[in-house]
Amino acid sequence: ETGVTQSPTHLIKTRGQQVTLRCSSQSGHNTVSWYQQALGQGPQFIFQYYREEENGRGNFPPRFSGLQFPNYSSELNVNALELDDSALYLCASSLGRDRGYEQYFGPGTRLTVT
Amino acid sequence: DAKTTQPPSMDCAEGRAANLPCNHSTISGNEYVYWYRQIHSQGPQYIIHGLKNNETNEMASLIITEDRKSSTLILPHATLRDTAVYYCIVLLANAGGTSYGKLTFGQGTILTVHP
C-alpha cells in the first residue's frame, strides 16, 4: 500500500510569484485535504476535495485554489505569493464519507517566500 | 466543534505509560474525540478516535469519561519514537451526510519521552 506523497519537498519562491504543489493520495482514497502549517503552529485547514469537487474550505483567500484529478491526486495552487505564505503545506487523504476524519498525511512541502 | 484544552507539555520515562489528558467540557452528544500526533518534520499521524466507549488499537488506548467532558490518550509503553506533539480534536463527524473532514488542530501537547 503506497502512502501519501507530495512534491516537491522544498521550494523557494519570490513574493508575487505563483506556485503549484502536488499530492498523490493513498491507494483507494477518494478524498484529499490540504493544510497550511506555520512554524510553531498546528496545521490549518485550507480546503478538501471529494471526488474532484471542493467539499469544504477554511478561512483562506481565493488566491489559494485546488484541483483533484480522476485518479484522486491533487494540486494546490497559490497565486500572488506573500511572505506570510511561507509554511509547511500538508496534504492528507482519506476514504471519504464514513471515514473522512481518519486522514493520512504526507510529509509536506516546505515553501519559503522571499 | 467543541473546544479542547491540553497541557502544553509532558514528560515520560521510556517504557512507562504516557497518559495525555484532554478537556472538552462543551462536547455535544454526537461529537467524536480524535487524536493525532506529529513527530518532528513529519505530517500528522492518526492515532485513534471514539464517541462514548473506551477504544484500543495497536498504537494506543482512549479513555473517555462517562460525562464525556474529558478523555485520556494512553501510550502503554512509551518509546523514544513517541516523542511528538499530540493533538486532541473534537468534531462532528459526517455533518450533513457528507465527509467534511476539516480537522481543527490546536496547540497540542508536546510529549517528550526520556531514556
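As shown above, the structure is provided for reference.
Thresholds, definitions, all that
- Per-chain numbering applies: the sequence of each chain, read as written, is numbered from 1 onward.
- Each chain gets a letter, beginning with A, and each ligand a number, beginning with 1, in the order they are written.
- Per-residue local features of the predicted model are confined to residues with pLDDT of at least 70, and side-chain atom pairs are confined, for both listing and counting, to 80 or more; whole-chain, interface and lining totals are unaffected and use all residues.
- The side-chain values count all of the structure's non-hydrogen atoms but skip hydrogen atoms and water molecules.
- The criterion is simple. A nonpolar core is a set of buried Ala, Val, Leu, Ile, Met, Phe, Trp, Tyr and Cys residues joined through side-chain atoms within 4.5 Å.
- Here's how the labels work: a residue is buried when its accessible area is under 20% of the maximum for its type, exposed when over 50%, partly exposed in between, all with a 1.4 Å probe on protein chains only.
- Put simply, DSSP marks the helices as runs of H or I at least four residues long and the strands as runs of E at least two long, and each gets a number from the N terminus on.
- For two strands to be treated as a pair, DSSP must find no fewer than two bridges joining them.
- The rule for a disulfide is simple: a pair of cysteine sulfur atoms within 2.5 Å.
- Between N-to-C directions, angles cover 0 to 180 degrees, with each direction set by a line fitted to C-alpha atoms, over the stretch in contact for helices.

1. Here we look at the nonpolar core
Next, step 1: Of all hydrophobic cores here, the largest spans 21 residues; its most connected members are Leu20, Trp35, Leu73, Leu75, Tyr86 and Leu111 of chain B.
Next, step 2: Within the residue set of this core, elements represented by two or more residues are strand E2 (18-23), strand E3 (31-38), strand E4 (45-50), strand E6 (61-64), strand E7 (70-75), strand E8 (84-92) and strand E9 (109-114) of chain B.
Next, step 3: The element best represented in this core is E8 of chain B, accounting for four residues.
Next, step 4: Core analysis: the next-biggest nonpolar cluster, separate from the first, contains 19 residues, Val19, Leu21, Cys23 and Trp34 of chain A among them.

2. Digging into the sheet that holds E7 of chain B
The strands making up a sheet are joined through hydrogen bonds of the backbone, oriented either antiparallel or parallel.
All names here are of chain B.
Next, step 1: Taken in spatial order, the four strands line up as E2-E7-E6-E5 in an open sheet, and their pairing is antiparallel. The sheet is open, and its two edges are formed by E2 and strand E5 (55-56), each paired on a single side.
Next, step 2: Across four bridges, E6 lies against E7 in antiparallel orientation. Each bridged residue has a counterpart across the sheet, and for Leu62 the counterpart in E7 is Leu73.

3. Topic: the state of the cysteines
Each disulfide consists of a covalent bond between the sulfur atoms of two cysteine residues.
Residues and elements named next belong to chain A.
Next, step 1: Evaluation of the coordinates by the stated rule reveals two disulfides over all chains.
Next, step 2: A disulfide bridge connects Cys23 with Cys91, and the sulfur atoms are separated by 1.7 Å. Disulfide Cys23 to Cys91: torsion about the S-S bond roughly -50°, handedness left-handed. With Cys23 in strand E3 (residues 19-24) and Cys91 in strand E9 (residues 87-94), this pair connects stretches of sequence that are 68 residues apart.

4. Concerning the sheet that holds strand E7 (residues 64-68) of chain A
Residues and elements named next belong to chain A.
Next, step 1: Taken together, four strands build an open sheet; the order of strands is E1-E3-E8-E7 and the sheet is antiparallel. Each end of this open sheet is capped by a strand with a single partner; those strands are strand E1 (5-7) and E7. Across this sheet, the average inter-strand angle for adjacent strands is 20°, counted without regard to direction.
Next, step 2: When E7 meets strand E8 (residues 74-78), the two strands line up antiparallel, connected through five bridges. Looking at E8, one finds that Leu67 is bridged to Glu75.

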